[in-house]
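Chain by chain, the residues:
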Amino acid sequence: MPVSAMSHFTILTDDVANTVRFYGDFLGLTEGFRPDFDFPGAWLYAGGVPILHVIGGKTKAYLRPGVIDHMAFSATGLAAMLEKLAAHGIEHTSQPLAAAGVWQVFFFDPNGARVELDFAATEAR
């Protein structure tokens, strides 16, 4: 049976509240229903769909990159995002990817997870 779509990503953290706040502030994700697991965490939603799961209770030593390089999201508002990242002192890179018709913006979340935001190439930088 073939896969039809990506369901969600999972972020490990030692600080659930800060991680939820970060993804709310920078990606506009909202916290929503999460089953009653026996460990701390949150489910973050975009358009009514839980696309990012946060699992807490991990130590800083446990938070390390694995074989997944980054997670990418479609986004709008390139200029505003670049201003916001700069205003908060978040290091980032941005580049046009003409072959795909997008601007790519890369940065790291507070846990060290690499995030990519893809904006339409027509958006003003």
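Use the structure listed above.
Note that this is a predicted model, so its numbers are computed, not measured.

J.: What should I look at first to understand the environment of P65 in this one?
T.: Relative to the helices and strands, P65 is located in the loop between β4 (49-55) and β5 (71-74). Judged by relative accessible area, which is 73%, P65 ranks as exposed. On a C-alpha basis, the gap between P65 and G112 in space is 7.3 Å, while along the polypeptide they are 47 residues apart.

J.: Could you clarify how one ought to interpret helix α1 (residues 16-27) in this entry?
T.: Note: α-helices contain 3.6 residues per turn, so residues at a spacing of three or four share the same orientation. Taking 1.5 Å of rise per residue, 12 residues should cover 16 Å, and α1 covers 16 Å from first to last C-alpha, within 8% of that figure. Within α1, the full set of buried residues consists of T19, V20, F22, Y23, F26 and L27. Burial along α1 is one-sided: seen end-on, the buried residues are contained in an arc of 160°. A distance of 3.4 Å separates the backbone nitrogen of A17 from a side-chain oxygen at the start of α1, and that oxygen is part of D15. Immediately downstream of α1, the backbone of G28 shows phi near 75°, a positive value.

J.: Please clarify how the pairing of strand β3 (residues 41-46) should be interpreted in this entry.
T.: On a regular strand, each side chain points to the face opposite its neighbour's, so the side chains alternate between the two faces of the sheet. Across 3 bridges, the pairing between strand β2 (residues 30-32) and β3 is antiparallel. In the strand pairing of β3, E31 is matched with L44. Here β3 runs beside β4; their pairing, made up of 6 bridges, is antiparallel. Each residue of the ladder has a partner; that of A42, found in β4, is V54. With antiparallel pairing between neighbouring strands as the criterion, β3 and β4 make up a hairpin whose turn holds 2 residues, including G47 at a positive phi of roughly 60°.

Conventions adopted
Residues numbered from 1 in each chain as written. Predicted model: local features only at pLDDT ≥ 70, side-chain atom pairs only at ≥ 80, totals over all residues. Heavy atoms only, no water. Helix = DSSP H or I, 4+ residues; strand = E, 2+ residues; numbered from the N terminus. Buried < 20%, exposed > 50% of the residue type's maximum accessible area, 1.4 Å probe, protein only. Expected span 1.5 Å × (residues − 1). Arc of directions from axis to C-beta. Polar contact = N/O pair within 3.5 Å; in protein donor to acceptor, adjacent residues only side chain to side chain. Pairing = 2+ DSSP bridges.

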